[in-house]
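Below, each chain spelled out in residue letters.
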Amino acid sequence: MASNPMVSNVVLSEVEYRVVGKRPLRSDGVDKVTGRARYGADINPIGMLHGKVLRSPLAHARIKSIDTSRAEACPGVKAVITAKDLPFASLTKEQLGGGEYLRLKFVSDHLLASDKVLFKGHGVAAVAAVSPHVAEEAAKLISVEYEELPPLLDVREAMEDSAPVLHEDLRTSFLGETSERPSNIALHLRYAKGDVEQGFAEADLVVEREFRTASIHQGYIEPHNGTAFWAADGQLDIWSSGQGGFVVRTAVADVLRHPVSKIKVTPMEVGGAFGGKLPSYMEPLAALLSKKTGQTVKMVMTRTEVFEGSGPAPGTWMRVKVGVTKEGRLTAMQATQAFEAGAYPGSPLMQGVVCGFACYDHPNGLIDGYDVVVNKPKSAAYRAPGAPQAAFAVESVMDELCQQLAMDPIEFRLLNASKEGDRRLEGPLFRKIGLVQCLEAARDSDHYKTPLTGQNRSRGVASGFWPCRGFISSCIVTVNEDGSVSVTMGSVDVCGSRTTVAQQTAEALGIAYEDVRPSVVDTDSVGYAFVTGGSRTTFATGLAAIHASEDVMRQMVARAAVIWETPAENIEYVDGVIQHKSDPELRMTFRELAGQLLSTGGTITGQCNIDPTGEGNSFGVHIVDLKIDPETGKSTVLRYTVVQDAGKAVHPGIVEGQLQGGVVQGIGWALNEEYFFNDQGRMMNPSFLDYRLPTAYDTPLIDTVIVEVANPGHPYGVRGVGEVPLVPPLAAISNAVSRGIGVRMYSLPLSPGKVLEAQWGKGA
C-alpha cells in the first residue's frame, strides 16, 4: 500500500479571512449522515405510478413497427407512450426551419427512438403502471419489429467517406460552412496561431504520436430518476436529482413544447453526478406519462440502464505533434482530436480543444477537432469534460520529449509554462494564473524530492488546466429577526456549495457562519441559475451571495438611519456592526438591528442575479509513484501528490476532498475503467461488478498542496477547483507506467494485459 503513512494537506495561503478559508461543519452534513436528506427516489406521493422504459436490444436498426396493445391491456398498466406521443411527431420542417427541426429531432429521438435505434439501450417506449414490477413486465409485452443494421463503433472508421451514415440529415459544420453531403462528422473545429510548419522547421526534435481512450462512466452511485405530476390546468411539477433545476426545466419545456412558466422543478439531493446528470433522461418521459394518466409518475433507472441508456465520457482518437529546441523550448504544437459523440452530436470537443495546449506558452499552434457520431450511448460530461483525454495525449508527448532531451519533467514545464499575458490558442490572453507557482510547489514538495527506492518503481508527472467559466447565478439573502440570515439559491449542491456560499455570505456580512442558513430552492422561488458543474458554483453563486449581502448591508444602513433619524451617509457598516461615523453612542450589531426590523418597516432582503466575467483559470500539477508487477502487468499506485491553484480555498477541507476524489477517479480511468463493447455494439460490463471502479485497495492516501494565487475577478480570490483534479491523472499515471516498463503507452486503460503485451514487444 501507500509509502506515506499519513495524508499531508498543505495550504499555501496568500491572504487570511475571518470565515473564508476556515473549516466549519458542512451545512448538509447532519442531514446526510442521519438519513434525513431526501433524494429523488424518496418522492412517494399517494397514488403515484411507476414508469419503465423498453430499450433496444440492438445497437443499430430501423424500427419497422411497434405494437403496444398487449402492454396496454395488461392489468395495472395506466399508459404507454412511444415517439409518436412526443410533440415533435406532429411538427414539420416548414414549421420549425431545417436546423431547429434537426436539433429537436435529435433531442426527441434520444428519449424515444422514432425511425431508428442508434445504440443498445436506446429507449423505444415507456409504460406507467401501479408498481415497478408491473411496468417492467408490461414493457416486455411491447412488440417491436427491427431491421438490423451493422453498428459503427470506431470513431476513425466513422470519419471515413465510405462509412455508413447514421443520420441522413446530418452535415459537417466547419468554419461557418456546412457540407453538402451527409456525414458522421457533426462538427469540425480549428484553432491556430503563428506558423506551425515554420515552427517545426525550427525544431531540433519533433515527436508525433497517436492516442486512444475508451468510453468510461462517471461512477455516481445514485441512478438517474425523475418524478412528475402534470395537473389538469397544465401546471407541471417535477422532482429531479439533476445538476440544475432550471436546466431540467428548460430541457423539459423544449422537448415537450410546454411553457417554462408552467413548469416548476424542485431539486433533490444529488447522490453523485460529476457531469453525468446534466442531461434529462427520465423527467420528460415521466411528465408525458403523467399527462396521459393524470397521476404522479416516478421513473428510476436500474444500474444496467444507467450504463447502457445514459451518457458516458466519450472515447477518443488523438494525434499530437510537438517540436522543441535542444534547450527544451517549444517551437510548435499541433493536434487532431476526434471525440465520440455517441448516437447524437454533442461531445465535449470544444473543451478538449481549448484545454489541450493551455499549460504551455507556444509560439506556433494548430488544433483540429472532430465531433463524430457512432452507435454508442450519447456522450455526456465528466469532470472537466474533454480535458483529461486531451491532457493524456499532450502530456504523454511532453514526457517523451523530456526523456529524449534528458530534462527534468517539472523544469521542462517551468521553462514553457503559461503565464499572465500569454495568448491561448483559441485567442484570449491569460489573466493572473498560478501554473508556475503550482510547478514550483510540486518541485519543492517532499514527494518530488524523495528518491524512488525499490524494484519496479517509477514516477510520473503531468499538468492540467480548466477555464472555469462563470455563467448565470442568482441568490437571495433574507435577514431574520433573530439575527440569522437565510440564503436561497438555485444552484444544486453536489460538492458542498451550500457551505462555501454560506461562508462567503458570512464573510461579506461580518457575521458568524453558524448564523447563515443556506438552502437550494425550486425554480419558482429564485432567479435563473445555470447548472452546478464546470467549477462555477462556488465562484459564481458565491459572488451572487456577496452582492446580495452588499444589498442587505445598504438596506441595514438605511434602516439604521430611519431609527436614528440621521442621513444614511452618516452611517457605516463595518464587520457586522452598523455605526454612526461620528457619534460612538449610535452603534448596533447586526443581530441587534435585525431584532428591530419587523417594527421599523419589515424584513430586509437582498438579491442578485449575475453573469460574472471574472472567472479565474485553474491549473494543477500531479506526481505519482507506481509499482508495476512484471509478471502480471498490474500497476499499484504507491504515492500521489496533487498540487492545485484554488485562488482562495473557501473551505480547505472541501477543496482537499475535491482534489483527492478527482485523483481516485483518474486512477480508475487510467488503469481499469472502460465501456467494453462487443462487435455488435453491446456493452459487456454494464454493472459495478464487471465495470472496474477503484476501491480503497487500489488507492493510497493522497497528499494535497493547495496553492492560492488570488483571482482578481473575485473579492476573495476564488477560482473553481472541481474539474482540474481529473485532468492530469491519466497522463501522470501513463507517464509513470511508460517510464517503468521502458515502453511508451498510447492507449487507455493501462490494463495488466496491455502492460504485459507492451513488455512482450507487442505494442500498447
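## Some thoughts on the overall build of the protein
(1) Moving on: The helix and strand tally for the protein stands at 21 helices and 29 strands.
(2) Moving on: Expected size for 764 residues packed as a compact globule is a radius of gyration near 27 Å; at 27 Å, the protein falls within 12% of this value.
(3) Moving on: Expressed along its principal axes, the backbone C-alpha trace of the protein runs to roughly 85 × 75 × 50 Å.
(4) Moving on: Taking all 764 residues of the protein together, the buried fraction comes to 61%.
(5) Moving on: For the protein, contacts bridging at least 24 residues in sequence account for 79% of all contacts bridging at least 6.
(6) Moving on: Just so you have it, the protein exposes about 28,500 Å², and 51% of that area is on carbon and sulfur atoms.
(7) Moving on: A gap of 3 Å separates the mean positions of the 73 positive and 88 negative side-chain charges of the protein.

## Remarks on the nonpolar core
(1) Moving on: V322, M398, I733 and V737 are the most contacted members of the largest nonpolar core, which totals 98 residues.
(2) Moving on: Residue contributions to this core peak at 10 residues, all from helix α12 (residues 387-405).

## Structural notes on the sheet that holds strand β21 (residues 485-489)
(1) Moving on: The strand order β22-β21-β20-β26 describes an open sheet built from four strands, whose pairing is mixed. A strand with exactly one partner marks an edge of an open sheet, and here the two such strands are β22 (516-520) and β26 (605-610). Averaged over all neighbouring strand pairs, the angle between strand axes comes to 15°, with direction disregarded.
(2) Moving on: Strand contacts of helix α16 (residues 497-509): β20 (473-479), β21 and β22, with the helix running at about 140° to β22, the strand carrying the most contacts.

## Here's the deal with unusual backbone geometry
(1) Moving on: Note that the residue after L748, namely P749, is joined by a cis bond; omega there is 5°.
(2) Moving on: As for its placement among the helices and strands, P749 is situated in the loop between α20 (729-741) and α21 (752-759).
(3) Moving on: Phi is positive for L175, which is not a glycine, with a value near 55°.
(4) Moving on: Turning to its location among the elements, L175 is positioned in the loop between β8 (173-174) and β9 (177-178).
(5) Moving on: Overall, L175 belongs to the exposed group, its relative accessible area being 59%.
(6) Moving on: Despite not being glycine, C468 shows a phi value in the positive range, around 60°.

## Let's talk about helix α4 (residues 98-111)
(1) Moving on: Its 14 residues give α4 an end-to-end C-alpha distance of 20 Å, which sits within 8% of 20 Å, the value for a rise of 1.5 Å per residue.
(2) Moving on: Listed as buried for α4 are Y101, L102, L104, K105, F106, S108, D109, H110 and L111.
(3) Moving on: Buried residues in α4 make contact with α3 (93-96), β6 (123-129), α8 (245-256) and α9 (283-293).

About the thresholds
- Residues numbered from 1 in each chain as written.
- Predicted model: local features only at pLDDT ≥ 70, side-chain atom pairs only at ≥ 80, totals over all residues.
- Heavy atoms only, no water.
- Helix = DSSP H or I, 4+ residues; strand = E, 2+ residues; numbered from the N terminus.
- Rg over C-alpha atoms; globule rule 2.2 N^0.38 Å.
- Buried < 20%, exposed > 50% of the residue type's maximum accessible area, 1.4 Å probe, protein only.
- Contact = heavy atoms within 4.5 Å.
- Areas by Shrake-Rupley, 256 points an atom, 1.4 Å probe, with all protein chains shown as cover.
- Lys, Arg positive; Asp, Glu negative; His and termini not counted.
- Charge placed at Lys NZ, Arg CZ, Asp CG, Glu CD.
- Core = buried A, V, L, I, M, F, W, Y, C linked by side-chain atoms within 4.5 Å.
- Pairing = 2+ DSSP bridges.
- Axes fitted to C-alpha atoms, helices over the stretch in contact; angles between N-to-C directions.
- Expected span 1.5 Å × (residues − 1).

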